[in-house]
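Listed below are the residues making up each chain.
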Amino acid sequence: MDRFAAPDAYPPPPPEPGIPYEELNEPQARAASHAHGPLLIFAGAGSGKTRVIVYRIANLIVTHRVPPYRILAVTFTNKAASEMKRRLEGLIGADIVKDLWVGTFHAVCARLLRRHHEAAGLDKNFVIYDDDDQRAVMNRVLKELNLDDRRYPPRQVLSRIHAEKQEGRGPGEFERKGYFDDAIARCFEAYERHLKAASAVDFDDLLLSVLRLAEDPASLAGEDLRSRFRHVLVDEFQDVNQVQYRLVRAFCKGHDNLCVVGDDDQSIYRWRGADVRIVRGFRRDFPHATVVKLEQNYRSVGHVVRGALGVIRHASDREPKELWTSNQDGAPIDVVAADSEHDEAAWVVECVRELIAQGVPANEIAVFYRIHAQSRVLEEVLREARIPYQIIGGTRFFERAEVKNLLSYLRVVVNPRSDVDLNRIINVPARKIGQSTVDKLIQAADALGTSLYEAIEPLVGGAVPPSAVLPSTLPAGRFEPLATAAKRSLLGFRDLMQGLMAEVPRLSPSELAEEVLARSGYAKVLEQDDSVESEARLQNLRELVQSIVDYEQEALAAGEEATLAGYLERVSLVSDADMLVDMPKVAMMTIHAAKGLEFHAVFLTGMEEDLFPFRSQDPNRKGDIEEERRLAYVAITRARERLWITHAARRAIFGQTRYSLPSRFLADLPPASVRPMATPTAMMAQRRVDFGGGGHGASSGRSGGSGERAWEGRGAWEGRERRPAPQAEERLAWSRFAREGDAAGARGGAGGGGVDRAERAPGERYVEREAVDVGGEGEGLALRRGMRVFHERFGPGVVESVDPGADPIVTVKFSGWGKKRIKAAFLRAGS
């Protein structure tokens, strides 16, 4: 059926049984049965909002006979869109669901833009440039404008441009406030010019192009967009920006059937343009809107829900909501004081090991951190413990060099004007086209006003004037004639691409990908290299081809045509959350990437002042503390059964060691839902401070650094009694290191006693050695296996062996650092 057909061309769906509202609670049923007019649903974390949206769509189709292709449901991730479709298929059938418009803002707009590409000034096969592609364009722009990329970093320039686009402004509306802004404006204009020449759009353009058409009263395409949908539903409404809000309002121009679902407590994307004021001001724009609040949490145990509410209740400006649950209280929230980031990582990893041993699937365990820089130590300890993990939001599969190379070949096949892609592959694999040849090709293209691909033939044939009139922004000069070998290589590349373009009508997308690998020689070069790295690259290329096959099968099942352009569009719109693979691996991610996900057990690490809440160096972001509070709320509500929150007394990050206070948000957790504790390493360090031993501890150096670290409520948290982690029979043991250390202390502490032979494995041979006396800094210190010691950098540790001699070498196991061989003179007795 033509999904763009007139409304009366769609037959009503067959009679269906009534919507089973008995499966919903009272507020959910009220929202799902609402059919006409604006509807604002405030949905607390874990309150079943997806179920409400699904039931409301089913109600519109089954009860009110709204054609499915007249319903638009917008989500923020492809994963959420797929889940929504899956549930709808179980409720009203796959044949009806396939005609619904369900997807992310970008996916929906890409689909609409394919239909109205001419009105938007684009080719039908326009390409979508990702972050790397955008930086490549900006690098070329900076070079063209003779701007120093150290003074005008491409990333920073693009950030300014995207901020303008997210407010709906183009180069003509850019407000200049100084010399730097003058340069940004020139870059903005040139950037847009290069995108247009390549028939390419960035992610902001996908929305802006559709918005400009939809808001144009004289545009036939705009008229189609404004009348296309009878009902519009928007999920995660708290995270929309001004362009997205204007877009949905344009879609509802002829009616007010707009249903928005959101939670201002979970608005965490201000840095990418989200405006929480939109959801809070919805009733001002739609005074007669119906408002429903979903406050019952079905996801988490009682202690987690009350902990989350305790944090968010102190927000300065929020829609009043009282999150509650009928679930059991469950285990309290463990708030753990660690000595350092290594001690923290060791504790987290040992808890993960115990959870897996208890039967919790690894993919039901998540480790959160505020910024990516925190992940390194956690990764190292996970690798050492041989625990499989996956990082969400790190280097994605589709960002790997070999994967991007093949995708660039395919994108040039469908759109040869894409200079970024052609520049990437023109010498991959190596075909004797050096950088000087590429530079001449770029100059020729600029002089002729064509794409790089179109400039190949005139450059090789000498059709570019010897002294070309270049744009004023480029240095004038002569085109040095190309060497014969360079001409041959360029023509060979052109012939290769022409041959591949000729195969598009005959081959499926996956077959064409295989053809690219074969004809280009890329696969052969990797096979001949015969290295582990090349084999891994080949495997990734095979995985990419399989991804295309999967797309073809899904398109076939949906009754759609599988096209190369369709696959490339799909790949361009993959988000971090979509990369979470359902396999037995622990998930590691920033809290921003965790939005919309849930796990049996969650470890929220680095809960320290200046890290979480994060203190931005940007003076224009003073209001971020409220967003940081919302971010903490989101992090806590990802946990279903267990939640651990860790903070370290000191943390090496950004090339310096910080001595930190616990986060102010910890003081907001209800005491009855929290179990404060400290790792044995942190307690050992604290005892050194308490008894005059110096060093660093849970309170040592806490006031160092910024004078702004004092915060109201610190005493309320610091005053709570911290306990060492209980033994395994009471709860998860904190770490194997702690068990070894406690056993060592019981057998003689800092100076005596042998190792309990009962610890030896069956058949293990053991020779008990005398204690080794150490002079120097450790004057009078007798080192034995199992003894606790202290090192200035690595902190507390347990002696595993001693190599005696004039300058004894000691093997010590340090929490979070692993085993180290250290001169005994640099060790002190632990406490």
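One structure accompanies this document, and this report is about it. (Residues numbered from 1 in each chain as written. Predicted model: local features only at pLDDT ≥ 70, side-chain atom pairs only at ≥ 80, totals over all residues. Heavy atoms only, no water.)

**Focus on the overall build of the protein**
Next, step 1: On a plain count of helices and strands, the protein comes out with 30 helices and 25 strands.
Next, step 2: Out of the 831 residues belonging to the protein, those deemed buried represent 55%.
Next, step 3: Sequence separation of 24 or more characterises 75% of the internal contacts of the protein that already satisfy a separation of 6 or more. (Helix = DSSP H or I, 4+ residues; strand = E, 2+ residues; numbered from the N terminus. Buried < 20%, exposed > 50% of the residue type's maximum accessible area, 1.4 Å probe, protein only. Contact = heavy atoms within 4.5 Å.)

**Structural notes on the pattern of salt bridges**
Next, step 1: The full count for this structure, using the stated rule, is 67 salt bridges.
Next, step 2: The residue Asp 202 makes a salt bridge to Lys 165 at a minimum N-O spacing of 2.8 Å. Within this pair, whereas Asp 202 is found in the loop between strand 5 (200-201) and helix 9 (203-214), its partner Lys 165 is found in helix 7 (residues 154-166), the two being separated by 37 residues in sequence. Each member of the pair, Asp 202 as well as Lys 165, is classed as buried.
Next, step 3: Here Glu 503 and Arg 519 are joined by a salt bridge, their closest N and O atoms 2.6 Å apart. Within this pair, whereas Glu 503 is found in helix 21 (residues 484-503), its partner Arg 519 is found in helix 22 (residues 509-520), the two being separated by 16 residues in sequence. (Salt bridge = Lys/Arg side-chain N within 4 Å of Asp/Glu carboxyl O.)

**Describing the pairing of strand 1 (residues 39-43)**
Next, step 1: Within strand 1, five of the five residues are buried, which leaves it mostly tucked inside the rest of the structure.
Next, step 2: Burial along strand 1 is two-sided: the residues Leu 39, Ile 41 and Ala 43 and Leu 40 and Phe 42 are all buried.

**Description of helix 25 (residues 564-572)**
Next, step 1: In terms of burial, helix 25 is largely enclosed, as seven of its nine residues are buried.
Next, step 2: Within the sequence span of helix 25, burial applies to Leu 564, Ala 565, Tyr 567, Leu 568, Glu 569, Val 571 and Ser 572.
Next, step 3: Tucked inside the fold, the buried residues of helix 25 contact helix 5 (105-115), strand 4 (127-128), helix 9, helix 17 (401-414), helix 22 and helix 24 (532-557).

**A short note on the sheet that holds strand 24 (residues 818-823)**
The pairing of strands in a sheet comes from backbone hydrogen bonds and takes either a parallel or an antiparallel form.
Next, step 1: Ordered by their spatial adjacency, five strands build an open sheet running 24-23-22-21-25, and the pairing between neighbours is antiparallel. Two strands in the sheet have a free side with no partner beyond their single neighbour: strand 24 and strand 25 (828-829).
Next, step 2: With two bridges connecting them, strand 21 (residues 788-791) and strand 25 associate as antiparallel partners. Among the inter-strand pairings, Phe 790 is bridged to a residue of strand 25, identified as Arg 828. (Pairing = 2+ DSSP bridges.)

**Observations concerning the sheet that holds strand 8 (residues 290-294)**
Next, step 1: The six strands lie next to each other as 3-2-6-7-1-8, forming an open sheet whose pairing is parallel. Only two strands of the sheet have a single partner each, and these edge strands are strand 3 (101-104) and strand 8. Pairs of neighbouring strands in the sheet enclose a mean axial angle of 15°, with direction left out of account.
Next, step 2: In the packing of helix 5 onto the sheet, contacts are made with strand 2 (71-75), strand 3 and strand 6 (231-234), and the angle to strand 3 comes to roughly 120°. (Axes fitted to C-alpha atoms, helices over the stretch in contact; angles between N-to-C directions.)

**Quick word on the side chain of Glu 319**
Next, step 1: Locating Glu 319 in the fold gives a position in the loop between helix 14 (302-312) and strand 9 (333-338).
Next, step 2: For Glu 319, a relative accessible area of 13% puts it in the buried group.
Next, step 3: Side chain to side chain, Glu 319 and Lys 293 meet in a polar contact 2.9 Å long.
Next, step 4: Setting aside chain neighbours within four positions, we find Glu 319 in contact with Phe 42, Asp 264, Arg 283 and Lys 293. (Polar contact = N/O pair within 3.5 Å; in protein donor to acceptor, adjacent residues only side chain to side chain.)

**Some points on the nonpolar core**
Next, step 1: Membership of the largest hydrophobic core comes to 53 residues, with the highest contact counts inside it found for Phe 398, Leu 410, Leu 441, Leu 490, Met 497 and Tyr 567.
Next, step 2: When residues of this core are assigned to their parent elements, the largest contribution, eight residues, is made by helix 17.
Next, step 3: With sequence-adjacent residues up to four places away left out, Met 497 is seen in contact with Tyr 409, Val 412, Val 413 and Tyr 453.
Next, step 4: Judged by nonpolar contacts, the second largest core, of 46 residues, contains Phe 126, Phe 251, Val 279 and Leu 573. (Core = buried A, V, L, I, M, F, W, Y, C linked by side-chain atoms within 4.5 Å.)

**Notes on the environment of Gly 818**
Next, step 1: Its location among the elements puts Gly 818 in strand 24.
Next, step 2: The exposure class of Gly 818 is buried, given its relative accessible area of 8%.
Next, step 3: Taking C-alpha positions, Gly 818 is 10.0 Å from Glu 380, a pair spaced 438 residues apart along the chain.
Next, step 4: In this structure Gly 818 touches Glu 384, Val 812 and Lys 813, once residues within four positions along its chain are discounted.

**Re the packing of aromatic side chains**
Next, step 1: For the coordinates displayed, the defined rule picks out 14 aromatic pairs.
Next, step 2: An angle of 85° between the planes, with centres 5.8 Å apart, marks the rings of Phe 237 and Phe 282 as edge-to-face. Of the two residues, Phe 237 sits in the loop between strand 6 and helix 11 (242-251) while Phe 282 sits in helix 13 (residues 282-285), which places them 45 residues apart along the sequence. Taken as a pair, Phe 237 and Phe 282 share a single burial class, namely buried.
Next, step 3: Plain terms: the ring middles of Tyr 551 and Tyr 567 are 5.6 Å apart, the flat faces sit at 55° to each other, and that makes the pair tilted. One end of the pair, Tyr 551, is in helix 24; the other, Tyr 567, is in helix 25, and 16 residues separate them in sequence.
Next, step 4: Given a relative accessible area of 9%, Tyr 551 falls into the buried group.
Next, step 5: For Tyr 567, a relative accessible area of 1% gives the class buried.
Next, step 6: The rings of Phe 237, Tyr 245, Phe 282 and Phe 286 are connected pair by pair, giving a single aromatic cluster.
Next, step 7: When the ring centre of Phe 126 is taken as reference, the NZ or CZ atom of Arg 114 above it lies at 3.8 Å.
Next, step 8: The ring of Tyr 269 carries the charged tip of Arg 272 above its face, separated from the ring centre by 3.8 Å. (Phe/Tyr/Trp six-rings, centres within 6.5 Å; stacked < 30°, edge-to-face > 60°. Lys NZ or Arg CZ within 6 Å of the ring centre and 35° of its normal.)

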